[in-house]
Each structure stands twice: as C-alpha cells, then as structure tokens.
Amino acid sequence: MRRPLPFLDRTAPEAWDLLGEVRRAVAEQNESAGVATTTLELMYLRISQLNGCAFCVDLHHRRAVRAGAPDDQVAQLPVWRDSPSFDAVERAALLLGETVTTLPEPMIRDRDLMTARDVLGEQAFAALEWSAVLMTTYNRLSVLSHHPVPGAR
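Residues numbered from 1 in each chain as written. Predicted model: local features only at pLDDT ≥ 70, side-chain atom pairs only at ≥ 80, totals over all residues. Heavy atoms only, no water.

**Student:** In this structure, what is going on with the overall build of the chain? I would like to understand it.
**Tutor:** Regarding its fold elements, the chain presents eight helices and zero strands. The helix and strand sequence of the chain, counted from the amino end, reads α-α-α-α-α-α-α-α. Taken over C-alpha atoms, the radius of gyration comes to 16 Å for the chain, in line with the 15 Å a tight globule of 153 residues would show. The contacts in the chain between residues at least 6 apart in sequence include a share of 70% that link residues at least 24 apart. Of the roughly 9100 Å² of accessible surface on the chain, a fraction of 57% belongs to carbon and sulfur atoms. In the chain, 16 side chains carry a positive charge and 20 a negative one; their mean positions are 9 Å apart. (Helix = DSSP H or I, 4+ residues; strand = E, 2+ residues; numbered from the N terminus. Rg over C-alpha atoms; globule rule 2.2 N^0.38 Å. Contact = heavy atoms within 4.5 Å. Areas by Shrake-Rupley, 256 points an atom, 1.4 Å probe, with all protein chains shown as cover. Lys, Arg positive; Asp, Glu negative; His and termini not counted. Charge placed at Lys NZ, Arg CZ, Asp CG, Glu CD.)

**Student:** Help me understand a positive patch on the surface in this model?
**Tutor:** Together, Arg 23, Arg 24, Arg 63 and Arg 66 line one region of the surface with positive charge. Where the positive patch is concerned, the elements lending two or more residues are helix H2 (13-33) and helix H4 (54-67). One can find Arg 66 in helix H4. When its relative accessible area of 61% is taken as the criterion, Arg 66 is described as exposed. (Patch = residues over 30% accessible without salt bridge, like charges linked within 9 Å, V, L, I, M, F, W, Y side chains within 5 Å. Salt bridge = Lys/Arg side-chain N within 4 Å of Asp/Glu carboxyl O. Buried < 20%, exposed > 50% of the residue type's maximum accessible area, 1.4 Å probe, protein only.)

**Student:** Please explain the side chain of Ser 48 as it appears in this structure.
**Tutor:** With respect to the secondary-structure elements, Ser 48 resides in helix H3 (residues 37-51). On the basis of relative accessible area, Ser 48 is assigned to the buried category, the value being 0%.

Encoded structure:
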C-alpha cells in the first residue's frame, strides 16, 4: 500500500508560518484599500475553481456566503462575464483574479490588468493582485497536499 503524500504545510512549518505572515500583510493592504470582503472572497472562490482546489472552493464558498455574497452571485460565479449579478468592482476583481491565475498571452494579460486597474484604482488593484497571487499559491499547496474537504463523504 502506498503512503499518502505529505501535507506541505506540515513538512516545512516555518515556510507555512512565513506564508501566514504574508497573508496577514496582504489582508491589511486590502483593508486599507477598502476592498470589500465579499469582493475578495468571490475572487478567491473563482481562483480556487480555476485551480481545481476542492478544499479552497469549499472554504471560500462558505466565507463568501458568510460575508454576505448573495446566492445568485455564488451560483453564477463560473459565468460572471455573462451574469448581471456582479457590479463593476466585482467584475474588475474577477477579471484580475482570472488573469493572474491563467496568465494569458502578454498582450491580453496587460490589457485585462489595465482594465481592472482603471476600475479599482492603484491601491485596491495592487492589494487584489497580491491576493490573487497568494490565493494561487495556497491552491497549489492544498492541491499538492491533497487537503481533504471538511465533512466530505
């Protein structure tokens, strides 16, 4: 019988703790930029969907709902571009999150990032860009560690 793969957060707890410090600094940056928790959690949820991280999808779905995201937004997140359920700031955050996650070709990437920045402003854009990079990092760690979804059958 093969042994399960290790949880990366447990194999290098010092690195995990340092990542937590980065997460706290990024959270402070979002707060100071006035980024709404619902916007941030919707972006985290979308990034986690794109990265195929079941643990993070479960976590950020619950957090988005707890932060006040309406059911229609959560349900329509995969089709946000065609849904009337998202405002301009949420759309910009989702565009930024998808762009950071998928890294399209440079011309498209720069166009989408500039579009998001124009809506969000410099401070919120920078905070959300850091958040998207960090969420993708957490997704990778969780997927590679096979973190179980709490309460899964």
